[in-house]
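Analysis of the macromolecular model
Here's the letter readout for the chains.
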2 protein chains.
Amino acid sequence: MTLHAFDQALHLEAAGTDQPHTFVGATSPAYWNMVGPFGGFSAAAAVRAVMLHPALLGEPVALTVNFVSAITEGPFTLTATPVRTNRATQHWVIALSQTNANGEAEVALTATAMTALRRDTWQASDMPMPPVAAPAEVPRDVRARAGEGALAWLSRYDMRFMRGAAPQVWDGSGGPTVSQLWVRDAEPRPLDFASLTAMADVFYPRIWLRRATRVPAGTVSMTTYFHASHAQLQAAGTGYLLAQAQAQAFRHGFFDQTAQLWSEAGTLLATSTQLVYYKA
Amino acid sequence: MTLHAFDQALHLEAAGTDQPHTFVGATSPAYWNMVGPFGGFSAAAAVRAVMLHPALLGEPVALTVNFVSAITEGPFTLTATPVRTNRATQHWVIALSQTNANGEAEVALTATAMTALRRDTWQASDMPMPPVAAPAEVPRDVRARAGEGALAWLSRYDMRFMRGAAPQVWDGSGGPTVSQLWVRDAEPRPLDFASLTAMADVFYPRIWLRRATRVPAGTVSMTTYFHASHAQLQAAGTGYLLAQAQAQAFRHGFFDQTAQLWSEAGTLLATSTQLVYYKA
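This write-up is about the structure you can find in this document. Note that this is a predicted model, so its numbers are computed, not measured.

Basis of the calculations
Residues numbered from 1 in each chain as written. Chains lettered and ligands numbered in written order. Predicted model: local features only at pLDDT ≥ 70, side-chain atom pairs only at ≥ 80, totals over all residues. Heavy atoms only, no water. Helix = DSSP H or I, 4+ residues; strand = E, 2+ residues; numbered from the N terminus. Rg over C-alpha atoms; globule rule 2.2 N^0.38 Å. Buried < 20%, exposed > 50% of the residue type's maximum accessible area, 1.4 Å probe, protein only. Contact = heavy atoms within 4.5 Å. Areas by Shrake-Rupley, 256 points an atom, 1.4 Å probe, with all protein chains shown as cover. Lys, Arg positive; Asp, Glu negative; His and termini not counted. Charge placed at Lys NZ, Arg CZ, Asp CG, Glu CD. Least-squares fit on C-alpha atoms with pLDDT ≥ 70 in both. Salt bridge = Lys/Arg side-chain N within 4 Å of Asp/Glu carboxyl O. Pairing = 2+ DSSP bridges. Buried area = accessible area lost by both parts, 1.4 Å probe. Expected span 1.5 Å × (residues − 1). Phe/Tyr/Trp six-rings, centres within 6.5 Å; stacked < 30°, edge-to-face > 60°.

1. Notes on the overall build of chain A
For chain A, the helix and strand inventory stands at six helices and 13 strands. Against the compact-globule benchmark of 19 Å for 280 residues, chain A has a radius of gyration of 18 Å, which places it among compact chains. Expressed as a percentage of the 280 residues in chain A, the buried residues total 60%. Expressed as a percentage of contacts within chain A between residues at least 6 apart in sequence, the contacts between residues at least 24 apart total 70%. With the model as given, the accessible surface of chain A reaches about 10,800 Å², and the carbon-plus-sulfur share is 54%. For chain A, the distance from the average position of its 19 positive side-chain charges to the average position of its 20 negative side-chain charges is 7 Å.

Listed below in structure tokens is the structure:
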């Protein structure tokens, strides 16, 4: 059996019993973006480290990842430290470091996470899945599928846009900043917290949609709340997720977006927000 | 001249040159909530520490605060460490600790922040201020004003609800989870990043609105993106902010909300999201 490309890319090794919070991994050409790994991959690596930690309590509930510097091709070290363990919740501080040309460790990503034992409680959704066409009725985005080399990560996903695909013509016209797409791993893989983390970052920069101008842009901080239990992720299986994103404000070189991800059956699995640098 | 209650409460002392990232403060009865300080106060303390740090580059742009354990009455230590300083951005890792009964330092709050030199760029808002009555036309919430002792922090704010005030009757009926209110410091104080941080947390738990049942609830993680520059905060001055919040999902003992804060003149100053524990 061959490991899925996502699991190959996300392979982490525990550093050893004298460094219980440390894991070693490496960037992967399979999830490469323009000038570094796809941000969703790096965020997923942080989640994977937490989930591999022998002291883990519960499941991921909240995650914030800050992309503090470009991650370069090659190995990295992830530390995931449980700084406080309560009865039913646990709080983590995470950092990804790489060794620079001078042999010094430099932080490239910081993160915090909360894990918790999920309980059955009263529940409700105030964010119902919007009515959209079924995945089979929407063609796969061929531009994404053609992603190679500098945008290899795009070809790892099957994306089907109902609204807000990347502009066909970069003429500066621009429009609304809502995107709605069906997304799943191009090579089927059962959904888990790591892959859901990555899929919360599949949205190309909202400013491209708003301005129909391909300005340089990159996520600087991203927060995801996981509403789904492990069992609900298992129920989503290899199905599509409906992913929706919308910008709020563009100013002073940063814009933000809110996002939601539902299972094909309509369960809100995660909500997410991110702040994105843009040069314009 | 007497310091404003907010500044008295938020007074931090640098620990000294041998601990350049450490600041010492204390909780304040003026901003006390049920079982600890008002979360917005603690988040503001994290921002204040960053802004007092001599190595600060720029202004706050993104902040995530995790409330990892109850903060108890008394002194606390805040560490704000600049882990990476780029040309125009700087990334911070923050922790608030208190000494427990055994004399051990315990982490009660973790945070990350990003500061940046703001540039003038193309700008737009996709989240215009909703049409609402002017502050003078909306009565001040007397229940909030009456906040004393266990809810002292409520009386520190002048809150005027257009939609989604706390239920008048706790009869389990429930309704929509949108709140819209005008808010400012009850004793006028010019807006700054610390007070804006606090005001992003003035919303009482959405589950109270949704269920009209006063279930125990508390914020566990909060992320705020600051879209306003220092100059835009100065322009907002001592005016009211329009604060809006809406829940997304309630499940497994946690719900999330998205929030926006506009100046009285209609500038989107900050967007925020938080995850809240509830017992139900």
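2. A look at the relation of the copies chain A and chain B
Each copy of the sequence occupies a distinct position, and chain A is placed on chain B by a rotation of 180° and an axial shift of 0.0 Å, giving an RMSD of 0.0 Å. Taken together, the rotation angle and the small translation identify this as a two-fold axis. Most of the interface of chain A is mirrored in chain B, where 98% of its interface residues again form contacts.

3. Notes on the pattern of salt bridges
The tally for this structure, following the rule as stated, stands at 18 salt bridges over all chains. Among the salt bridges present, the one from B:Arg184 reaches B:Asp158, with a minimum N-O distance of 3.9 Å. Highlighted residues: B:Arg184 in strand S9 (residues 179–185) and B:Asp158 in strand S8 (residues 157–163), separated in sequence by 26 residues. A relative accessible area of 23% places B:Arg184 in the partly exposed class. A single salt-bridge network, built from bridges that share partners, covers A:Asp7, A:Arg48, A:Arg189 and A:Asp192.

4. Topic: the pairing of strand S6 (residues 105–116) of chain A
All names here are of chain A. With respect to burial, S6 is a largely interior element, nine of its 12 residues being buried. In the sheet, strand S3 (residues 59–67) pairs with S6 via eight bridges, with the strands oriented antiparallel. Its bridge partner lying in S6, Phe67 is registered against Leu109. As judged from the 11 bridges shared by strand S5 (residues 89–99) and S6, these two strands associate in the antiparallel manner. The residue bridging Ser97 from the neighbouring strand is Val107, located in S6. Following S5, the chain reverses through five residues before pairing antiparallel with S6; Gly103 in that reversal takes a positive phi of roughly 80°.

5. Structural notes on the interface of chain A and chain B
Taken residue by residue, the interface counts 64 residues in chain A and 63 residues in chain B. Regarding the contact of chain A and chain B, the summed buried area is about 5,500 Å², with carbon and sulfur atoms giving 54% of it. Considering only the surface of chain A that becomes buried against chain B, A:Trp122, A:Arg251 and A:His252 emerge as the three largest contributors, covering 15% of it. Here chain A is connected to chain B by four salt bridges.

6. Observations concerning helix H2 (residues 39–52) of chain A
Residue and element names in this part refer to chain A. Compared with the 20 Å implied by 1.5 Å per residue over 14 residues, the 20 Å span of H2 between its first and last C-alpha is a close match. With respect to burial, H2 is a largely interior element, 12 of its 14 residues being buried. Among all positions of H2, only Gly39, Gly40, Phe41, Ser42, Ala43, Ala44, Ala45, Ala46, Val47, Arg48, Ala49 and Val50 are buried.

7. A closer look at unusual backbone geometry
Look at A:His252: it is not a glycine, yet its phi comes out positive at around 55°. Mapped onto the elements of the fold, A:His252 is located in the loop between strand S11 (241–251) and strand S12 (254–263). Despite not being glycine, B:Ala212 shows a phi value in the positive range, around 50°.

8. Let's talk about the pairing of strand S10 (residues 217–226) of chain B
All names here are of chain B. Taken across its 10 residues, S10 has seven buried, putting it largely inside the fold. Of the pairings in the sheet, the one linking strand S3 (residues 59–67) to S10 comprises five bridges and is antiparallel in character. When the sheet's bridge partners are listed, Val65 is paired in S10 with Met222. In this sheet, strand S13 (residues 268–278) lies alongside S10 in antiparallel orientation, the contact comprising nine bridges. Counted as the bridge partner of Phe226 is Ala270 from S13.

9. As for the packing of aromatic side chains
In this description, an aromatic ring pair is defined by two values, namely the gap between the centres and the angle between the planes. Taken as a whole and assessed by the stated rule, the structure comprises 30 aromatic pairs over all chains. Consider the rings of B:Tyr31 and B:Tyr157, whose centres lie 6.4 Å apart with planes at 70°: the pair is edge-to-face. Pair noted here: B:Tyr31 is in the loop between strand S2 (22–26) and helix H2 (39–52) and B:Tyr157 is in strand S8, with a separation of 126 residues, a long-range link. The buried category is assigned to B:Tyr31, whose relative accessible area is 1%. Residue class for B:Tyr157 comes out buried when judged on its relative accessible area of 1%. Taking 5.6 Å as the distance between ring centres and 85° as the angle between the ring planes, the aromatic pair formed by B:Trp170 and B:Trp208 counts as edge-to-face. Note that B:Trp170 is positioned in the loop between S8 and S9 and B:Trp208 in helix H5 (residues 206–211), a separation of 38 residues in sequence. Under the relative-accessibility criterion, B:Trp208 is labelled buried at 14%. Each member of the aromatic cluster is reached from another via a ring pair, and the members are A:Phe6, A:Tyr31, A:Phe38, A:Phe41, A:Trp153 and A:Tyr157.

10. What about the environment of A:Gln123?
Tracing the chain through its elements places A:Gln123 in the loop between S6 and strand S7 (124–125). Its relative accessible area of 46% is what places A:Gln123 among the partly exposed residues. With sequence-adjacent residues up to four places away left out, A:Gln123 is seen in contact with B:Phe250, B:Arg251 and B:Tyr278.

11. What about the environment of A:Trp208?
In the structure, A:Trp208 is positioned 38 residues away from A:Trp170 in sequence and 8.5 Å away in space, judged by C-alpha atoms. Excluding residues that lie within four positions of it along the chain, A:Trp208 makes contacts with A:Pro167, A:Trp170, A:Thr213, A:Arg214 and A:Val215.

12. Details of the environment of A:Ala95
Residues and elements named next belong to chain A. Relative to the helices and strands, Ala95 is located in strand S5. Owing to a relative accessible area of 19%, Ala95 belongs among the buried residues under this scheme. Ala95 sits 57 residues away from Phe38 along the chain, and the two C-alpha atoms are 17 Å apart. Filtering out sequence-adjacent residues up to four positions away, Ala95 remains in contact with Thr77, Leu78, Thr79, Leu109 and Thr110.

By themselves these figures say nothing about function.
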